[in-house]
Amino acid sequence: MKEQRLVTLKYNNFRQIGLAIVIGILAGLVVSCFRLLIQKALNLVLLLFEFFHHQPIWLIPWAVLSVLMALFLGWLSQNYTDIKGSGIPQVEGQLMGEYEEAWWPVLWRKFLGGVFGIGAGLFLGREGPSIQLGATVGQGIVERRTLTPVERRVGIASGAAAGLSAAFNAPMASAMFILEEVYHNFSPLVWMSVFISALCSNFVSMQFFGLRPDLDVAHEAVLPAGQYWQLLLLGIVLGVMGRLYQYVVVRLGKWSRLVKWFKPQWYPVVPFLLVIPIAWYLPITLGGGNELIVNLTKLPVSVWFFLGLFVLRFVFSMISYGAEIPGGIFLPILTLGAVLGALYGAFMIRFMGLPQNLLPNFIIYAMAGYFACISKAPFTAILLITEMVGSLAHLMPLAVVSMVAYLVVDLLNGQPVYNEMLQNFLQHKKIMFKGMTQMTTSIYEGSRLVDKMIKEVEWPAGCLILSIWRGEEQIIPRGDTKLKVGDTLIVELTDQDQQVHKETINQWAHEMGS
């Protein structure tokens, strides 16, 4: 029997690996094309504005075309709300079993809307949409096969990781982000598939964009040990500013609707018109911010200049995201962090005698710290910046800044921004659970479920433990089966209060028991 079980496990593993490879390749192709079209569109906008400087009369038809494009995107997003915004909250909701979407309608609408919106120069990121695009590819593939609900969710998670990997050329960080922030599940069943898909997608992306790190910030020096006190101060600044970002971005939808006469379909008109003067005077700032980040060290080292740049990026990022069209906040967060790092470095150079050659270091550290505290995913932030910059020299400073910023936001009662966005999204969707659904949850160290037999737990009504994954072993549960740290439970819910029961079981599995 044991030999037969091992053979079955190996077969399941190989089947899962094969599926992960297919998902990674196809998601890599879709997202690489998405990324390439956005780059081409942004380059076209830059060329057109060079022409407009010589022939400004052409700004009038451009403004008219911008309004028409904005109205089209507003109509598209408001009539199919699953494509709004980043896409990360939608994927997280799917993986948590809180809502479902049809993969093909989301795929083509998100692709088209993202190219037009981000490619027009709005301060939106391609990374969140890339995650949703990858997830829809994974969903489309697994739904063509006879798979269990668990394998379906793993396929969606694998596609999401592949999407982010193709967008950033950072497979390790992409896998970590999906596991840490989106799926909240580190079981071998999940991480193996997610990581393989991310690697395959990255291989495809390299064929389009080469091996150069995505954020190739030129840096010469390693931060001296005597300057490490700066990391603590920088982390505090980033934490406070990160909490401000969280507070504003999750309330944009509520604030926008205070103006009753201005219809949501019209929201994109505002950023599409405002981006025209920005493209005229500061074209380097257009889009998610990739070009701005890699060129920050070439700009004037001025406190006032970097402060103005931060205000511009912060305000217009909010206006762009508040338009509710396809486009994310992932790269805009990193860009704001980079500008904050440049601002902090310029201040220290001006007033505290910091060597100017250390300015790139603080740009790099601040990107990680700002993303870590806003998303509350510090491990992802550290890995992401390490991979994207292409150097391990900054690993220790990145960790210090990220953890300090994370703790500051925690003290200020900040929640993971994508989780808060998910709750806002679900409220507007008014999703009702009917019939039967499944959930997965992992048991953390110290939770009340650790070392308890299944029959000793007073499970909510309509709750059935279908299976337990312990490492690579799948266990069919019985009443005397003892739960262990790291177990992943597959739970079926049939009661009408499914959402309440999900939250209860997750709380039992994750929080410290009495």
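Structure: above.
Residues numbered from 1 in each chain as written. Predicted model: local features only at pLDDT ≥ 70, side-chain atom pairs only at ≥ 80, totals over all residues. Heavy atoms only, no water.

Draft legend 1. Just the overall build of the protein chain, in detail. When helices and strands are counted, the protein chain shows 19 helices and 4 strands. The C-alpha radius of gyration computed for the protein chain amounts to 23 Å, which stays within 12% of the reference 24 Å derived for 514 residues, consistent with globular compactness. Judged by the C-alpha coordinates and their principal axes, the protein chain covers about 75 × 55 × 45 Å. Counting the 514 residues in the protein chain, one finds 57% classified as buried. (Helix = DSSP H or I, 4+ residues; strand = E, 2+ residues; numbered from the N terminus. Rg over C-alpha atoms; globule rule 2.2 N^0.38 Å. Buried < 20%, exposed > 50% of the residue type's maximum accessible area, 1.4 Å probe, protein only.)

Draft legend 2. Here's a closer look at unusual backbone geometry. Unlike most non-glycine residues, Glu324 shows phi in positive territory, near 65°. Among the structural elements, Glu324 can be located in the loop between α13 (303-322) and α14 (330-351). Take Glu324: its relative accessible area is 11%, and that puts it in the buried class.

Draft legend 3. The sheet that holds strand β3 (residues 473-475), seen in detail. The strand order across the open sheet built from 4 strands is β1-β4-β2-β3, with neighbouring strands paired in antiparallel fashion. With partners counted over all chains shown, the strands left at the sheet margins are β1 (437-442) and β3, one partner each. Across the sheet, the mean angle from the axis of one strand to that of its neighbour is 25°, orientation sign disregarded. As paired strands, strand β2 (residues 463-470) and β3 are joined by 3 bridges and run antiparallel to one another. Bridging from a neighbouring strand, Trp469 pairs with Gln474 of β3. Contacts from helix α6 (residues 149-168) reach β1 and β4 (488-493), with the element oriented near 65° to β1. (Pairing = 2+ DSSP bridges. Axes fitted to C-alpha atoms, helices over the stretch in contact; angles between N-to-C directions. Contact = heavy atoms within 4.5 Å.)

Draft legend 4. Up close: the pattern of salt bridges. Counted according to the given criterion, the structure contains 8 salt bridges. For the salt bridge of Arg126 with Glu127, the shortest nitrogen-to-oxygen distance reads 3.6 Å. Here the salt bridges share partners, and the residues they tie into one network are Lys84, Arg257 and Glu324. (Salt bridge = Lys/Arg side-chain N within 4 Å of Asp/Glu carboxyl O.)

Draft legend 5. Representation of the side chain of Arg35. Tracing the backbone shows Arg35 in helix α1 (residues 2-54). For Arg35, a relative accessible area of 4% gives the class buried. In terms of polar contacts, Arg35 uses its side chain to reach the backbone carbonyl oxygen of Ala166, at 2.9 Å. A distance of 2.7 Å separates polar atoms of two side chains, one belonging to Arg35 and the other to Asn169. (Polar contact = N/O pair within 3.5 Å; in protein donor to acceptor, adjacent residues only side chain to side chain.)

Draft legend 6. How the structure looks around the side chain of Ser158. If you trace the backbone, Ser158 turns up in helix α6. Among the polar contacts listed, one links the side chain of Ser158 to the backbone oxygen of Val154, at a separation of 2.8 Å. If we ignore the near neighbours within four places in the chain, the residues touching Ser158 are Ile23, Ser193, Val194 and Ser197.

Draft legend 7. Structural context of the environment of Val22. Mapped onto the elements of the fold, Val22 is located in helix α1. The class for Val22 is partly exposed, based on a relative accessible area of 40%.

Draft legend 8. Structural view of helix α9 (residues 229-249). Taking 1.5 Å as the rise per residue, α9 with 21 residues should run 30 Å; its terminal C-alpha atoms sit 31 Å apart, in good agreement. What α9 keeps buried is the set Gln230, Leu231, Leu234, Gly235, Leu238, Gly239, Gly242, Arg243, Tyr245, Gln246, Val248 and Val249. (Expected span 1.5 Å × (residues − 1).)

Draft legend 9. Structural context of helix α3 (residues 88-95). Where burial is concerned, most of α3 is hidden: 8 out of the 8 residues are buried. When we look at burial in α3, the residues that qualify are Ile88, Pro89, Gln90, Val91, Glu92, Gly93, Gln94 and Leu95. With its phi angle positive at about 75°, Gly97 sits one or two positions after the end of α3.

Draft legend 10. Summary view of the packing of helix α7 (residues 171-183) against helix α16 (residues 378-389). The geometry of α7 relative to α16 is characterised by a closest axis approach of 8 Å and an angle of 165° between their N-to-C directions. Put simply, α7 runs roughly antiparallel to α16. The two elements α7 and α16 cross, and the hand of that crossing is left-handed. Counting all contacts with α7, which are made through Pro171, Met172, Ala173, Met176, Phe177 and Glu180, the residues of α16 involved are Pro378, Phe379, Thr380, Leu383, Leu384 and Glu387. (Parallel < 35°, antiparallel > 145°, perpendicular 65-115°, else oblique. Left-handed = near helix turned anticlockwise from the far one by under 90°.)

Draft legend 11. Looking closely at the environment of Ala27. By the secondary structure assignment, Ala27 is in helix α1. Separated by 165 residues in the primary sequence, Ala27 and Met192 place their C-alpha atoms 17 Å from one another. Among all residues touching Ala27, those that are not within four sequence positions of it are Gly134, Val137, Gly159, Ala162 and Ser201.

Draft legend 12. Structural view of the state of the cysteines. Applying the stated criterion to the full structure yields 0 disulfides. With no disulfide partner, Cys200 has as its closest neighbouring cysteine sulfur the one in Cys33, 17 Å distant. For Cys200, a relative accessible area of 18% corresponds to the buried category. (Disulfide = S-S within 2.5 Å.)

Draft legend 13. Representation of the pairing of β2 within the structure. Alignment of β2 against β4, held across 6 bridges, turns out to be antiparallel. Residue pairing in the sheet places Cys463 in a bridge with Leu493 of β4.

Draft legend 14. Inspection of the packing of aromatic side chains at higher detail. One pass over the full model with this rule turns up 28 aromatic pairs. Connected via pairs of aromatic rings, a cluster forms that spans Phe49, Phe51, Phe52, Trp58 and Trp62. Taking NZ or CZ as reference, Arg313 lies 3.9 Å from the ring centre of Phe123, over its face. (Phe/Tyr/Trp six-rings, centres within 6.5 Å; stacked < 30°, edge-to-face > 60°. Lys NZ or Arg CZ within 6 Å of the ring centre and 35° of its normal.)

Draft legend 15. The packing of helix α15 (residues 359-375) against α16, seen in detail. As a packed pair, α15 and α16 sit with axes 8 Å apart at the nearest point and diverge in direction by 150°. As the angle between them shows, α15 and α16 are arranged roughly antiparallel. Our pair here, α15 against α16, has a crossing hand that is right-handed. Within the contact between the two elements, α15 uses Ile364, Met367, Ala368, Phe371 and Ala372 and α16 uses Pro378, Thr380, Ala381, Ile385 and Val389. Grouping the amino acids of the contact of α15 with α16 by side-chain chemistry returns 9 nonpolar, 1 polar and no charged. (Nonpolar A, V, L, I, M, F, W, Y, C, P; charged D, E, K, R; others polar.)

Draft legend 16. Here's a closer look at the pairing of β1. Counting buried residues in β1 gives 6 out of 6 residues, a clear majority hidden from the surface. What you see with β1 is no split at all: Thr437, Met439 and Thr441 on one side and Gln438, Thr440 and Ser442 on the other are buried throughout. The pairing of β1 with β4 spans 6 bridges and is classified as antiparallel. Within β4, the position partnered with Ser442 by the bridge is Thr488.

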